[in-house]
Every structure is written in C-alpha cells, then in structure tokens.
Number of protein chains: 2
Amino acid sequence: MSAKISDVAAAAGVSTSTVSRAFSAPDMVEAVTLARVLRVAAECGYVPNRAARGLITGRTGNIGLLLPDIANPFFPSILKAIERRAMEADYQIFLADTDEKKDVELGFVKSLAKQVDGMILCSPRMDPVQIREAASSLPIVLVNRRSGLLPSITVDNESGLRMVVDHLADLGHAHLGYVAGPRSSWSSQVRRRSLRSASELRETELVELGHFEPMFDGGRRSCAKVLQSGITAVIAYNDLMAMGLCYELRESGREVPADLSVVGIDDIPMASMMHPALTTLSIPRRRRDARRSSSSSSS
Amino acid sequence: MSAKISDVAAAAGVSTSTVSRAFSAPDMVEAVTLARVLRVAAECGYVPNRAARGLITGRTGNIGLLLPDIANPFFPSILKAIERRAMEADYQIFLADTDEKKDVELGFVKSLAKQVDGMILCSPRMDPVQIREAASSLPIVLVNRRSGLLPSITVDNESGLRMVVDHLADLGHAHLGYVAGPRSSWSSQVRRRSLRSASELRETELVELGHFEPMFDGGRRSCAKVLQSGITAVIAYNDLMAMGLCYELRESGREVPADLSVVGIDDIPMASMMHPALTTLSIPRRRRDARRSSSSSSS
DNA sequence: GTGAAAGCGCTAACAA
DNA sequence: TTGTTAGCGCTTTCAC
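Residues numbered from 1 in each chain as written. Chains lettered and ligands numbered in written order. Predicted model: local features only at pLDDT ≥ 70, side-chain atom pairs only at ≥ 80, totals over all residues.

### What to know about the overall build of chain A
Going by this rule: Strands are runs of DSSP state E lasting at least 2 residues, helices are runs of H or I lasting at least 4, and numbering of each runs from the N terminus. Neighbour density around each residue's C-beta defines its exposure: 20 or more other C-beta atoms within 10 Å make it buried, 12 or fewer make it exposed, and counts between make it partly exposed, where C-beta atoms are placed from the backbone. Note on contacts: each residue gets a C-beta atom placed from the backbone, and two residues are in contact if those atoms are within 7 Å.
Helix and strand counts for chain A come out as 12 helices and 10 strands. Over its C-alpha atoms, taken along the principal directions, chain A stretches across nearly 80 × 40 × 30 Å. Relative to its 299 residues, chain A shows a buried fraction of 46%. Put simply, 58% of the contacts in chain A that link residues at least 6 apart link residues at least 24 apart.

Here it is in structure tokens:
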C-alpha cells in the first residue's frame, strides 16, 4: 500500500488536517509549512485517495460516459473531446459501451451513479421514462438527444437535411429514400421527420425503407429494399450504413453514383478516406466547426 | 442523496451488518431475514456505495484501461472485449486515451492507481523503466507489449510477418519496404525485426522507410519516401497507415497493386470495407481466431 | 495558522 | 444467525 495522509503528517511533523489543507486549500496553510508538507508528500509519493475524499465531500471527480457503440467511428471523436476537457478539469472517465442494447442502459447508469458526479448519455436508446429515472438519480447531460428540460447537445438536423434534399433535388432526383437507423434512435426519428418536411418543400417523393442496425452490415442489408424501391437517391442514417450500402451495391454490379446516389450523415474520418469519397452531411464535433456538406464525388 | 445502508437497516429492523452481509455474503444470513432485507433494499432503491466499500476491503471493483488512440479502429474491438468481460465480473472501466502522447501515460496510471484494482496498458508507449514504476504501484497487464515478467498479451508477429514476406516473395517481389510506426511502439520494433529476419530467409531486400505517426496521415506522409526508394512492395506498421499510403499513391496517379503492393497489419473492419479490400495481416482479437492473411485483392 | 475530534458509508473482527 | 465496535483515508467543523 502507498502512503496515506497520516504518513505524510507524521513525516512532516504536522497534523493530518494540515496535510489535507495543503492539497485542497493551500492558501489556508502558512507558506513554509505548505512547502515542507508538499515536499515530504512528494518524497513519499503521496497521492490523495479520491474515493476517501469523495466519501466526505460528496464529489468523486469522476464522470460517466454512456455510448451505444465505440466501434462506430463517429463516437471516438466525441469520447476524445470529452476526455480532453475532463483531464483539464482533473476529472476521470468511466466508460460504458452498451453495444446498442438499449435494455442495459439504465442498469449501467444506476451502477455507475454512486461513483460519478454526473453522466453524459451519448445517443442513448432508452425511452423517455427511463431517461427521467436516470436523471432523478444523478445529473445527466444528453448528447444527440433531447428529453424534457435536460441539458443536451444536439445538432441542427433540420437544416442539414434540407441542404441534402436541396442538393439532391438540384441534381434532378425526384424519388428519395431514407434508410433509417434503430427505432429507438432519437436522431433517426428527427432525421426522418426532417427529410419528410424537406422533401415536401421540394415536392420530391420520400420512401422510407425501414429500420436497420446503424452499422456497416445494416447498410448492406438495406440494399435489397433500396433496389426494389425505384428511388434514385438514398440518404442513410449514418455513414457506416451508407458505406455498407455502397459496398453491397457494388457487389451487385451497380455503380455509385452512376446508378444510384448515396448520402451518409456524420462525416466520419473514413468517409473522406474512401475512393471515391462518400458524400456525407458533416456533424460538427467542436464549437467552431461550420456545418457543411463534405466534398462529394459520389452523388 | 440516495438510501444508505443504515436506512435499509432501520427500515428492515436489523443491524447494518446484516444488510451488509445480505449483499456481500448472503449465505451468512437466515433466509427469511435475507428476503426481507433485500425487499426493503429494493424498495429504497438501495445500491451499495462501492467507494465506501472499497475503502475498507481494498478492492474497488474498477479496472483502468490505457489506450494510445481510441480513434484507431484497432482499439475499439479490444475495448469492447474488455468491457464485456468486465461487466460479467461486475467490474467497471476507467478509460484513458493518451492521444499517442507517451509522456502523459505514467501520470494517467498514477492518477488512476488508487481507484482501480489493476490496469491494462494497451500498446503503451512509455519506456521500460516507467513500466516498472507503474507496475510497482499496482497490478498491471500489458497488451501488445512485453516487459520483464509482467503478464502480457501479445501476438505472434514473427510468424505472421514471415507469412507476409513469403507471400510477397512468392509473388516475385525482391525489394520490400517497411513503413514503421512510432519509435516508442514496441510492436513496431518487433515487426521491423521480424521483417528483417524473414527477408533474410527469403533473400529479399528490406528497406526501412522511417517512422511515421500510426495513423492515416502518417501513411500519407510516408508516400514520398516510398516512391523514391525503388521498392515494389511495402508493409506498413498498421492498416490505417497502409490506407493513407494507398490514398496518397492514388492521388499521385499510381495504382495499387499494379504499380506497388501495399500490405497492412491489424485487419481493422475498414480493411475489408474498402474496394479493393486492403491486404492485411490479421491480428486475432479473440482466443479462437485463427491467424490468417485476409482476403487480398491489392497485392 | 494549526490541531483534535467527529464522521462520510461501509465491512470485518469479535461477542453474544 | 445477528449485533456491537472499530476503523478504512480523508475532510471539516470547532477550538485554540
């Protein structure tokens, strides 16, 4: 076991209170004493035990982060941004990846509740009642979702998708399709509604092609429906699905965009690494990012 | 604040010890009492405070995971596997993404040390002395690295790369190149040595093309050196770099594999999503995975 | 400016 | 089988 506060106190010839103050309220300690305490502490390799501290202060210095799937390249950028800010504020992160299983989400929140000061629920799939329940046990911030009056960070899907529809309509497409993500995805519902209203504005048809898992394979699986729907352009719930769809289209001998236009949403790093690059609606990850359609060579 | 052990004890008409035992040693409690305690606890929404428990048991129920870059698609699969097993064992995970900055690694370990029962260092970039220091403060398991006698999980780079060299030599390549990852990467060094001995075995030339960041852009940047080296096939430290290199080669008008063969290592999901698929040495992520070269259309 | 003492929520002897 | 007691490492009144 490593040094504790009493070890430092003894070695520095002060009380534990003084050592404690040296770390949490240094200006309450006389300069010379402070210096000595800190020096001794460093020598002992003393680091305050945050769990013990949290027990009494009620603050743990931890935050919890719930994600549906870290393997979706959209989420690492969010995680990294959170990590960076957390570090700056001397917070540490509990990560829970739910593997798109919405039933485990609330359980994760509850089991983490006591060990964190608050949680960030990123694209949570749980229903609004569960979100309320989660929020009743600890501070919650939502990402990619709105629910009640809870603080949340979302993007302007509405105008983004209006841009997409305008873009496609300008290219002459009159029959659009939407390959939706999971039913439980708030974003997917918002995107569907946004597409619907944008389509009405441009008097284009919008065919809803059903729900698929928000991954590469989900996109692949949507291909059959896409092909039999008679549309000329399709918007996928996210880039991964768009890529899966492109893959399957090519497998079946079609060319994108010659035979069908495909548009994704997110602008994951992969989107621009492909050749030709995936046309995608960029989701700004940082405050300063402008909303934009990334370079398009496939629509 | 939520219910604590004394609330449950009072409501159930027992002592706190009994409540405690009901949760941590249920067979030491009489069946009826146990049932009543658990019922009352459920009604109160009582969940044991793991921090308080850890203070006395010395076990936190948490493990720490250190990664160089969660945005590299190789790592999410590892993270997810760890998460799954952790959940089964009722462990929670502290995640630290170091952003490939080796200097912050030891600090992360130390700041997490008191709050976890042990740490998993995945592809750590720190030097052996630092690893020793980390291991002296808490149990450590290494992934993708060996150091002293510490428990570690590594793959058989040696035979994998022999397969790669054999494959390329069989195709007629006599001048191979290696685009290395960071100097501080243990894997990159092992891979370089493995390539060297495999090349000698096959009497092919091996040109070392220098170190680059282990990402897409690192691969792109390596392109110039690759082109001026006169090699006909190149092995990159990982898939991301291989993909960056392929991207830049195409930008400069070359075709892969017609003008140059490119082989990656890892078999990240993206590798097979591309068209043509990236030739890559697959790193088995789970016990049962066989070692294999994935479907190759570009070498 | 510093120390003594109480207590955060819980578990682990030890008794009963 | 159950309760009593002490104490994990720390912070925080309240005296001095």
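Now, onward.
### With respect to the interface of chain B and chain A
Cut-off, in case you're wondering: When residues are grouped by polarity, Ala, Val, Leu, Ile, Met, Phe, Trp, Tyr, Cys and Pro land in nonpolar, Asp, Glu, Lys and Arg in charged, and all others, Gly among them, in polar. Following DSSP output, two strands are said to pair if at least two bridges run between them.
Taken residue by residue, the interface counts 35 residues in chain B and 36 residues in chain A. Going through the elements one at a time, α4 (50-57), α5 (74-88), β2 (92-97), α6 (105-113), α11 (239-251) and α12 (269-273) of chain B are the ones with two or more residues in the side of chain B that touches chain A. Grouping the amino acids of the side of chain B that touches chain A by side-chain chemistry returns 20 nonpolar, eight polar and seven charged. Direction of pairing for strand β2 (residues 92-97) of chain A relative to β2 of chain B: antiparallel, over a ladder of three bridges. Residue pairing in the sheet places Leu95 of chain A in a bridge with Ile93 of chain B of β2 of chain B.

### Looking at the environment of Ala81 of chain A
Residue and element names in this part refer to chain A. Mapped onto the fold, Ala81 is located in helix α5 (residues 74-88). Residue Ala81 is classed as exposed on the basis of its C-beta count, with 12 C-beta atoms lying within 10 Å. Separated by 177 residues in sequence, Ala81 and Ala258 have C-alpha atoms that sit 38 Å apart.

### Thoughts on the protein's contact with DNA strand D
Going by this rule: Nearness rests on one distance test: the residue's C-beta atom, set from the backbone, must lie within 6 Å of the molecule or strand.
For DNA strand D, the set of nearby residues contains 26 residues, the closest of which are Lys4, Ile5 and Ser20 of chain A together with Glu30 and Thr33 of chain B. Listed by contribution, the elements that provide at least two residues to the surface near DNA strand D are α2 (16-24) and α4 (50-57) of chain A together with α2 (16-24) and α4 of chain B. Per-element accounting of the surface near DNA strand D gives the leading share, six residues, to α2 of chain A.

### Considerations on the sheet that holds strand β7 (residues 205-211) of chain A
Residue and element names in this part refer to chain A. Put simply, the rule reads: Under this scheme, a helix contributes an axis fitted over its contacting stretch, all axes are lines through C-alpha atoms, and angles between N-to-C directions fall in the 0 to 180 degree range.
Spatially, five strands are ordered β7-β6-β8-β9-β10 in an open sheet, and the strand pairing comes out parallel. Strand pairing shows two members of the sheet lacking a second neighbour, β7 and β10 (279-282), which therefore form its edges. Each strand axis lies, on average, 25 degrees off the axis of its neighbour in the sheet, ignoring direction. Bridge count for strand β6 (residues 175-180) against β7 is five bridges, and the pairing is parallel. Along β7, the bridge assignment pairs Leu176 with Leu206. Helix α8 (residues 157-170) rests against β6, β8 (233-236), β9 (261-266) and β10 of the sheet, and its axis sits at about 155 degrees to β10.

None of the figures reported here should be taken as evidence of function without further support.
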